[in-house]
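Structural overview
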Amino acid sequence: MYQEAADPVIQGLDEPCPSSTCQNHVATTMLTATRQSLSDHTIGKDPQAVRTGQRQNRGMRTRLGCLSHKSDSYNDFTAILPDKPNRALKRLSTEEATRWADSFDSLLSHKYGVAAFRAFLKTEFSEENLEFWLACEEFKKTRSTTKLASKAHRIFEEFIDVQAPREVNIDFQTREVTRNNVQEPSLSCFDQAQGKVHSLMEKDSYPRFLRSKIYTDLLTQTQRRLS
């Protein structure tokens, strides 16, 4: 029977959040240590252990948001633009940026919208959700049957499997359905998992993104070009 053990790293996260002078290496060290601790709880891939580990992981990420001292600023967005920042901003209109607030899919359909959303997710340590969704979109474009299986296994091992390097937050049932689908892969084998992650981002991360400094600063910058 799985029993949740007291963990000094997890307990430490319940302490008051340190000041903004904390350095990024503190967050990185705690993140690594906590993931190792959670790994001990999920040996054997027991469903209850997995769910408990995921809950601890989500709480840990929230607390480390302070430790990481992320700026959540317009500069975070421009740093990862697909084009040079100045050129990109000249191409991005206020109307386009405003349209991202119409719906989550409107945001995902625009390459600069994806870049801005990715920058925001990095400040929350949850960019793996977007990366998985994008990987699924790219996977569905696969036309070679010989590449289909290798791509499917690579995505599963990267994002879906327990203790995957960039494990996304999905339920045990969806994980196992996807595991079975990958054994005989098709272009739709990730549809259920992708839908769950899309829904999670839409209901959770997307509303916070619209209120974030990254997005509000971006709107301000595009509006200044018109003045």
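Just so you know, these numbers come straight off a predicted model, no measurement behind them.

Conventions adopted
- Residues numbered from 1 in each chain as written.
- Predicted model: local features only at pLDDT ≥ 70, side-chain atom pairs only at ≥ 80, totals over all residues.
- Heavy atoms only, no water.
- Helix = DSSP H or I, 4+ residues; strand = E, 2+ residues; numbered from the N terminus.
- Buried < 20%, exposed > 50% of the residue type's maximum accessible area, 1.4 Å probe, protein only.
- Core = buried A, V, L, I, M, F, W, Y, C linked by side-chain atoms within 4.5 Å.
- Contact = heavy atoms within 4.5 Å.
- Salt bridge = Lys/Arg side-chain N within 4 Å of Asp/Glu carboxyl O.
- Axes fitted to C-alpha atoms, helices over the stretch in contact; angles between N-to-C directions.
- Parallel < 35°, antiparallel > 145°, perpendicular 65-115°, else oblique.
- Left-handed = near helix turned anticlockwise from the far one by under 90°.
- Nonpolar A, V, L, I, M, F, W, Y, C, P; charged D, E, K, R; others polar.

Before going further, it helps to spend a moment on the side chain of S212. Summarising the element assignment, S212 is placed in the loop between α12 (191-211) and α13 (213-226). Among the residues examined, S212 registers a relative accessible area of 3% and is labelled buried.

Inside soluble globular proteins, nonpolar side chains tend to come together where they are buried. Counting residues in hydrophobic clusters, the biggest one holds 39 residues, and the most contacted among them are W100, F117, F132, I160, F190, M201 and F209. Counting only elements with at least two residues in this core, the list comes to α7 (104-108), α8 (111-123), α9 (127-139), α10 (145-160), α12 and α13. Per element, the largest residue contribution to this core is seven residues, and it comes from α8. Setting aside residues no more than four positions away along its own chain, F117 makes contact with F104, L107, L130, M201, S205, Y206 and F209.

With that settled, consider the pattern of salt bridges. Here the idea is simple: oppositely charged side chains can pair when their charged atoms come close. Counting across every chain of the model gives twelve salt bridges. Between E158 and R166 there is a salt bridge, and its shortest N-O distance comes to 2.9 Å. Classification of R166 by relative accessible area gives partly exposed; the value is 35%. Its salt-bridge partner being E176, residue R179 comes within 3.2 Å of it at the nearest N-O pair. A residue pair is termed a helical-turn pair when its members lie 3 or 4 positions apart in one helix, as R179 and E176 do in helix α11 (residues 172-183) at three residues. Taken together, the shared-partner salt bridges connect E124, D204 and R208 into one network.

Following both chains from N to C, one finds α9 and α12 inclined at 140°, their axes separated by 10 Å at the closest point. Of the possible angle classes, the one that applies to α9 and α12 is oblique. Regarding α9 and α12, the two cross each other, and that crossing is left-handed. In contact with N129, L130, F132, W133, C136 and E137 of α9, α12 contributes A193, Q194, V197, H198, L200 and M201. Counted by class, the contact of α9 with α12 contains eight nonpolar, three polar and one charged residues.

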